[in-house]
Amino acid sequence: MLDLINIHKTFNLGTVNEKKALCGVDLHLEDGDFVTIIGGNGAGKSTMLNAIAGVWPVDEGQIIIDGQDVTAYPEHKRAIMLGRVFQDPMTGTAATMEIQENLALANRRGQSRVVYRTGIKKKEKEEYYELLKTLELGLEDRMTAKVGTLSGGQRQALTLLMATVKRPKLLLLDEHTAALDPKTAQKVLDATERIIAEQHLTAMMVTHNMKDAIVHGNRLIMMKDGKIILDIKGEEKKNLTVEDLLEKFQVAAGGEEFANDRMILG
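Parameters at a glance
- Residues numbered from 1 in each chain as written.
- Predicted model: local features only at pLDDT ≥ 70, side-chain atom pairs only at ≥ 80, totals over all residues.
- Heavy atoms only, no water.
- Helix = DSSP H or I, 4+ residues; strand = E, 2+ residues; numbered from the N terminus.
- Rg over C-alpha atoms; globule rule 2.2 N^0.38 Å.
- Contact = heavy atoms within 4.5 Å.
- Buried < 20%, exposed > 50% of the residue type's maximum accessible area, 1.4 Å probe, protein only.
- Pairing = 2+ DSSP bridges.
- Salt bridge = Lys/Arg side-chain N within 4 Å of Asp/Glu carboxyl O.
- Expected span 1.5 Å × (residues − 1).
- Arc of directions from axis to C-beta.
- Polar contact = N/O pair within 3.5 Å; in protein donor to acceptor, adjacent residues only side chain to side chain.
- Phe/Tyr/Trp six-rings, centres within 6.5 Å; stacked < 30°, edge-to-face > 60°.
- Lys NZ or Arg CZ within 6 Å of the ring centre and 35° of its normal.

### Quick look at the overall build of the protein chain
Helices and strands together make up the secondary structure of the protein chain, namely 11 helices and 10 strands. Relative to its length of 266 residues, the protein chain is compact, with a C-alpha radius of gyration of 19 Å against a globular reference of 18 Å. C-alpha atoms of the protein chain, sized along the principal axes, occupy 60 × 40 × 35 Å. Contacts in the protein chain between residues at least 24 apart in sequence constitute 66% of all its contacts with a sequence separation of at least 6.

As structure tokens, then:
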């Protein structure tokens, strides 16, 4: 489903600010994999997602999505294959447009301009109503409300629907609950888990919360210094604890202790 082959990326090459962000990353995802990604600040987590999305070109390596080599594709050409939710709840929605209009924009992505300009039909409204109802946030009764009037959690939940309404080949979640309060974050995580399972999506979720990384998904990878140092799946992941993960990190990092309090205490 996804293959990253020897991916390298260095920022500010040849300057005092040179940063090797990705150092030979190799990763293979099967169809339906839900992978959680953890690591300290600067480990390369978001950089890897940006590489997949085509935010900038990689220096070396190949990116293959569903058998298609997209390494040379610009960001807009990859967008039709991907769904993405960012950390900031204000990103991903149009604040001055209605909830149903935002869903219509996402649902019509990749279609002609004529389709974009047409009004929302009754059948579409019924579909969006049922979609919103699954969130259990009451948004199905506020479909004509401007998105700018919603809370951060409501906007993030809406963004999740928009990112998955076209069933993307790959769903990228970049700390998409980090800016939310714990109760709302859990609701969004529950909706994430359900949508991925129901649609059998292939997904990658960056998180700073070790417990969330362990509980969600069928596979966990840990990054450090632009490399994947741990890849845990199957029964090993099901039985994993935070203490186990910290111990595995220490072994993989050559005795170094994990020093990110935010992640440990999250």
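So, next bit.
### Description of the pairing of strand 9 (residues 219-224)
The side chains of a regular strand alternate, residue by residue, between the two faces of the sheet. Burial within strand 9 is extensive, with 6 of its 6 residues counted as buried. Side chains of strand 9 alternate between two faces, with Arg219, Ile221 and Met223 and Leu220, Met222 and Lys224 buried alike. Pairing between strand 3 (residues 34-39) and strand 9: 5 bridges, direction parallel. Within the sheet, the bridge partner assigned to isoleucine 37 lies in strand 9 and is isoleucine 221. Counted between consecutive antiparallel strands, the loop separating strand 9 from strand 10 (residues 227-233) contains 2 residues, among which aspartate 225 sits at a positive phi close to 55 degrees.

### Description of the pattern of salt bridges
Following the criterion strictly, the structure yields 10 salt bridges and no others. Where salt bridges share partners, they join Asp33, Arg219 and Asp231 into one cluster.

### A few points about helix 7 (residues 182-199)
Here helix 7 contains 18 residues, and its C-alpha end-to-end distance of 26 Å stays within 8% of the 26 Å for a straight helix at 1.5 Å per residue. Turning to helix 7, its buried residues number three or more, namely Ala185, Val188, Leu189, Ala191, Thr192, Ile195 and Ile196. What you see down the axis of helix 7 is that its buried residues fit within an arc of 165 degrees, all on one side. Facing away from the buried side of helix 7 by more than 90 degrees, the exposed set consists of Pro182, Lys183, Ala197 and Glu198. Against the buried residues of helix 7 lie strand 3, helix 6 (152-164), strand 7 (170-174), strand 8 (203-206) and helix 8 (210-215).

### Digging into helix 1 (residues 45-53)
In terms of burial, helix 1 is a largely internal element, 8 of the 9 residues being buried. When helix 1 is considered as a whole, its buried residues turn out to be Lys45, Thr47, Met48, Leu49, Asn50, Ala51, Ile52 and Ala53. At the exit of helix 1 stands glycine 54, carrying a positive phi of roughly 80 degrees.

### Focus: the sheet that holds strand 4 (residues 60-65)
Sheet architecture is open: 4 strands sit in the order 2-1-4-5, paired in antiparallel fashion. The strands lining the two open edges of the sheet, one partner per strand, are strand 2 (19-29) and strand 5 (68-69). Where strand 1 (residues 2-11) and strand 2 come together, 8 bridges link them in antiparallel fashion. Paired with lysine 9 across the two strands is leucine 22, which belongs to strand 2.

### Focus: the side chain of glutamate 124
Note that glutamate 124 resides in helix 5 (residues 122-133). A polar atom in the side chain of glutamate 124 sits 2.8 Å from the side chain of arginine 108. Leaving out residues up to four positions away in the same chain, glutamate 124 has contacts with Asn107, Arg108 and Gly119.

### Quick word on the environment of alanine 178
Locating alanine 178 in the fold gives a position in the loop between strand 7 and helix 7. Note on alanine 178: relative accessible area 35%, which makes it partly exposed. For the pair formed by alanine 178 and glutamate 198, sequence separation is 20 residues and the distance between their alpha carbons is 24 Å.

### Quick word on the packing of aromatic side chains
Counted by the stated rule, this structure contains 1 aromatic pair. Judged by centre distance (5.2 Å) and plane angle (85 degrees), the ring pair of phenylalanine 11 and tryptophan 56 falls under edge-to-face. Taken together, the residues phenylalanine 11 in strand 1 and tryptophan 56 in the loop between helix 1 and strand 4 connect sequence positions 45 residues apart. Among the residues examined, phenylalanine 11 registers a relative accessible area of 28% and is labelled partly exposed. For tryptophan 56, a relative accessible area of 17% translates into the label buried. Over the face of the ring belonging to tyrosine 73 we find lysine 77, whose NZ or CZ atom lies 4.3 Å from the ring centre.

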